[in-house]
Amino acid sequence: MLDAWQTALRESVRRMVLLSGEPGVGKTTLAARLAIDVHTAGALVVYGRCDQDLGAPYQPWIEALGQLIDAAPHEVLAAHVEDQGAHLARLVPAMGRRTRTTPLETGDGDGERLTLFTAVVDLLARVSAVRRVLLILDDLHWADRQSLLLLRHLVADDRPMRLMLVGAFRDTETAVGHPMSDVLSAVHRESGVDSVELRGLSDAELRELLEQVAGEELDDSGMALRDALSAETAGNPFFAKEILRHLVDTGRIDPVAPHRWIGDAAMTATGLPDSVKEVVRRRIGNLGPQAERLLTHAAVIGRDFDVALLAAAAGVDEDVAIEVCDAAVTAAILQTGDRFDVYAFANALIARTLHDGLSSSRRARIHRRIAESIEALDAVDPASRAGELAHHWSRAVQPAAAAKALHYAQLAGSRALGALAPDEALRWFGQALDLIDRAPDADPRRRVEVLLGLGTAQDRVGLDSHRRTLLGAAQLADDIGAVDLLVSATLARSRPWHGNALETDGAEITMLQRALDRIGDDDSPDRARLLARLAVESYYSWPLEQRRAAADRAVSMARRLGDLVLLARVLFQAAWAVRAPPTTETRRAWLTEASTIAATVVDPRTLAWTARAIQSAALEVGDLDAYRRHSRQHAELDPEMRDAWTWWSRAVDDVTPAMLWGELAEAEHLARTAREIGAELHQPDAARLYAVQTSNVWYHQGRLHELSEVIAGDGDAMNSQPAYRAFFAMACAHGDDTDRAVEVLAGDLDRGFEAPDDLSWTYTFAAWADAAAATGHTNAARVLHERMSEYPDLLPTAGNSTVMPVIAYWLGRLDHVIGRLDEADRWFARADAFHHRLESPLLIAYSDAAWAALLTE
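Residues numbered from 1 in each chain as written. Predicted model: local features only at pLDDT ≥ 70, side-chain atom pairs only at ≥ 80, totals over all residues. Heavy atoms only, no water.

J.: Tell me about the nonpolar core, and name the residues and values.
T.: Within the largest apolar cluster, 111 residues are counted, with the highest numbers of intra-cluster contacts made by F305, I333, L334 and F345. Take this core: its biggest share by element is ten residues, from helix 28 (residues 564-577). Setting aside anything within four residues of it in sequence, one finds I333 in contact with R283, I284, L287, L295, A328, F345, A346 and I350. Core analysis: the next-biggest nonpolar cluster, separate from the first, contains 73 residues, L660, F727, F828 and L838 among them. (Core = buried A, V, L, I, M, F, W, Y, C linked by side-chain atoms within 4.5 Å. Buried < 20%, exposed > 50% of the residue type's maximum accessible area, 1.4 Å probe, protein only. Helix = DSSP H or I, 4+ residues; strand = E, 2+ residues; numbered from the N terminus. Contact = heavy atoms within 4.5 Å.)

J.: Got a sec to walk through unusual backbone geometry? Specific residues and values, please.
T.: Backbone geometry places S12, a non-glycine residue, at a positive phi of 50°. In this fold, S12 is placed in the loop between helix 1 (2-11) and strand 1 (15-21). The class of S12 is partly exposed, set by a relative accessible area of 30%. One non-glycine residue, D736, lies in positive phi territory at about 65°. The topology assignment puts D736 in the loop between helix 38 (722-734) and helix 39 (738-750).

J.: Talk me through helix 30 (residues 604-620); I want residue IDs and the actual numbers.
T.: Its 17 residues place the ends of helix 30 24 Å apart at the C-alpha level, agreeing with the 24 Å of an ideal helix rising 1.5 Å per residue. Along helix 30, 16 of the 17 residues are buried, which leaves the element largely enclosed by surrounding structure. Looking one or two residues beyond helix 30, the residue adopting positive phi is G622, at roughly 75°. (Expected span 1.5 Å × (residues − 1).)

J.: Outline the packing of aromatic side chains, listing residues and values.
T.: Any pair of aromatic rings gets described here by the distance separating the centres and the angle formed by the planes. For the structure shown, the criterion picks out 15 aromatic pairs. Between Y58 and F117 the ring centres are 6.5 Å apart and the planes differ by 75°, which places this aromatic pair in the edge-to-face class. With Y58 in the loop between strand 2 (44-49) and helix 3 (59-71) and F117 in helix 7 (residues 110-130), this residue pair connects regions lying 59 residues apart in the sequence. Classification of Y58 by relative accessible area gives buried; the value is 1%. Aromatic pair F572 and W609: ring centres 5.4 Å apart, planes at 25°, arrangement stacked. Taken as a pair, F572 in helix 28 and W609 in helix 30 lie far apart in primary sequence, 37 residues in all. By the burial criterion, F572 is buried, and W609 matches it. Pairwise contacts between aromatic rings join Y699, Y809, W810, F828 and Y846 into one cluster. Cation over ring: R427 sits above W428, and NZ or CZ is 4.4 Å from the ring centre. Here the guanidinium or amino end of R579 rests over the ring plane of Y539, the centre of that ring lying 4.7 Å away. (Phe/Tyr/Trp six-rings, centres within 6.5 Å; stacked < 30°, edge-to-face > 60°. Lys NZ or Arg CZ within 6 Å of the ring centre and 35° of its normal.)

J.: Can you lay out the side chain of H777 for me, pointing to particular residues and giving the numbers?
T.: Turning to its location among the elements, H777 is positioned in the loop between helix 40 (761-775) and helix 41 (778-788). Residue classification places H777 among the buried positions, given a relative accessible area of 15%. Only 3.1 Å separates the side chain of H777 from the backbone nitrogen of A780, close enough to count as a polar contact. Filtering out sequence-adjacent residues up to four positions away, H777 remains in contact with V742, L745, L749, A772 and V817. (Polar contact = N/O pair within 3.5 Å; in protein donor to acceptor, adjacent residues only side chain to side chain.)

J.: Give me the lowdown on the sheet that holds strand 5 (residues 193-197), citing residues and values where you can.
T.: The strand order across the open sheet formed by five strands is 2-3-4-1-5, and the pairing between neighbours is parallel. The outermost strands of the open sheet, each flanked by one partner alone, are strand 2 and strand 5. This sheet shows a mean twist of 15° between the axes of neighbouring strands, independent of strand direction. In this sheet, strand 5 lies alongside strand 1 in parallel orientation, the contact comprising five bridges. Counterpart to V17 in the pairing with strand 5 is D194. Strands strand 2 and strand 3 (133-138) of the sheet are contacted by helix 3, whose axis makes an angle of about 155° with strand 2. (Pairing = 2+ DSSP bridges. Axes fitted to C-alpha atoms, helices over the stretch in contact; angles between N-to-C directions.)

J.: Give a description of the packing of helix 38 against helix 40 that names residues and reports values.
T.: Following both chains from N to C, one finds helix 38 and helix 40 inclined at 30°, their axes separated by 8 Å at the closest point. By the criterion of interaxial angle, the relationship of helix 38 to helix 40 is roughly parallel. Judged by the sense of rotation from one axis to the other, the crossing of helix 38 with helix 40 is left-handed. Seen from helix 38, the contacting residues are P722, A723, A726, F727, A729, M730, A733 and H734; seen from helix 40, they are Y763, T764, A767, W768, D770, A771, A774 and T775. Residues of the contact of helix 38 with helix 40, tallied by class, amount to twelve nonpolar, three polar and one charged. (Parallel < 35°, antiparallel > 145°, perpendicular 65-115°, else oblique. Left-handed = near helix turned anticlockwise from the far one by under 90°. Nonpolar A, V, L, I, M, F, W, Y, C, P; charged D, E, K, R; others polar.)

J.: If you had to explain the confidence of the model for the protein chain to someone new, which residues and values would you point to?
T.: A residue-level look at the protein chain finds 90% of positions with pLDDT of 70 or above and a mean pLDDT of 85. Under a pLDDT of 50 for its full length, residues 263-273 has, in the predicted model, 22 contacts with residues more than four places off or in other chains. pLDDT under 50 marks residues 638-642. Its contacts with residues more than four places away, or in other chains, come to 22 contacts. (pLDDT = per-residue confidence, 0-100.)

Following this line, the structure appears as structure tokens:
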């Protein structure tokens, strides 16, 4: 571990040591020894620990970062805040206090957490540049999921920093499926990660330990003691120490000379206590019944506890509680904490032994007294300890406690959502729902509220079940006439656009329409939002005219209401709902207006959404300056945006310029990266867009035919999606399988080449045109030419995900097949000029090659 520390200092790289082993094997002791050594050498040591039951979201990070911020130079903190903003002030109050900044109002979702994670890494990098840092995170097997995600993010970051991270955990509690197991798999793939696996002491090491205690070599009786300890404890240092204490306390071992242990040579393992728990119980019993009672209450509070709460719950004076705790510190049962009047059990096994030794009835009563004491001590703001109160009231069992447990579980869930901890919110709302299910006369409105919170948490975690939960909440709200909750449930999903690509959620559309019916026809922000959301959700099920009508009504209503933030967001959704070739100019106008408003009212979320949408629209019409300008704006807004979709969509968008500039291998690599980021951020379209982008790269590499059998394998898509059939026909044509290409073209020709008015229209027709030109299918070429000639200056982009030559190029290819060579010449000149405006070597090569072939003929 010291070698890893020296490497971190010498090379200014982040190092990590994963410290694992069973309970009591010495992980915390070893980490503490390392901390003493490096602290003595002038390093800054910060420490955070996880708790089993009462850990708050990000608990170990809050503790460690609080110490880091208290010790960091003010100018370092000021520079961090200037660059990253005040994000950390929300997580760690010490940041706001030292920099006199106010925590930012925040949005939702994984993207916001990424911004927080980036701020944590930035702070660690800045502080470690001026002072070496050792960061110890203990008991990670009890860590909440967001704490583990932050750990994973830090390990994956490659910023230079003189930092060593030690993560201690019980490997006996991290089986497959445990959140820690996923983190272990991920971090072991990173550089600079080492593992130290602690096991029980061997017989030789146990002998050395006993000889160090005795001060001289063991005699035969000492060796018998060693063998007995080894058999009973498997060499676990904590267990061995506790049993040694017990043997001394009970007179089984006599220290007759300084540090000289004399044991009974005939002693065997059967002469030792049956369990270490019994050893712990007896040692606590030696402190007297009052101490045992107080320490039992403390164990129910948690591994850490403050004296005021312990005294109140146990019904004793605080001075009495302090006297007992100090005696327990002397007996190595407790240890003092970093904060005033706070104690902690020296080992979690001690607290668990006391906790498990209680009957369920007695434990329930202690939980109730603790909950009542917290409410009394924090009467001004009991909600600040909602998680603790929910934990204790839920275990108090009595009917009166159930209502309080439900109240605080719901409150804890809401606070967890606000603290960027949706996994914790998921747990609390799940607990609240379970309490409601067990209540004989549960309030249906309260059930809707809990379902709404649960669905929101599921949405932010990325669980598909959020749709079913929110629809259930909406349906129940409708049944009981709770119109406000019906509206909230239908608008709760974090994405301001349709659910998944190429899919329609009929149930959601039904609930949106029901909500619109229930709120009436009067203008209101809710009605404008519902109309805009309905237009978006109907993208793949309504014709363009119907979507446009709903979008127009939403925009008009938002204008009448005069709420600029509402108008900007409705304009964005309206533009999203009508994405199709006939609405190109309208979309650009709406998006430009939304972007201008968002910049005026400082709405970074809408500004980032519109920047990306304008970027796509600019590429579609060949406006390179606007494309680059809004691409930069989209990238620059990311740190302020805090939205998962924006982080992922930027990764998706990185593929497009690589293809434009002809860097196809890089484009393929970037597509894989985007897929990984999308999976990490639970984006439902990540895999689908990866397939689209990869097939586009393969098309440009001349490899599309390799996918023809894969495409044909999806019979449902072949039957229902024109874009899928068009791509299949193109793949067959490029693979010299002209018979199948012609067969598909003939079928779609009979259907009149009908394609939906959505973002797939341009690349669907481009694929059909490619297949028709490659196979010389003149009948298909004539029909396609007539359908496409209305939009000659549109680039098929599939929402900024693909790059194909402009439609003028395809019109030239089709005219060439038909035999209209002069017309084809004009189209190729137009296409070449368009491609040159985009400065795309790839697209220029397409139009030049086709034009040259025409001129040759």
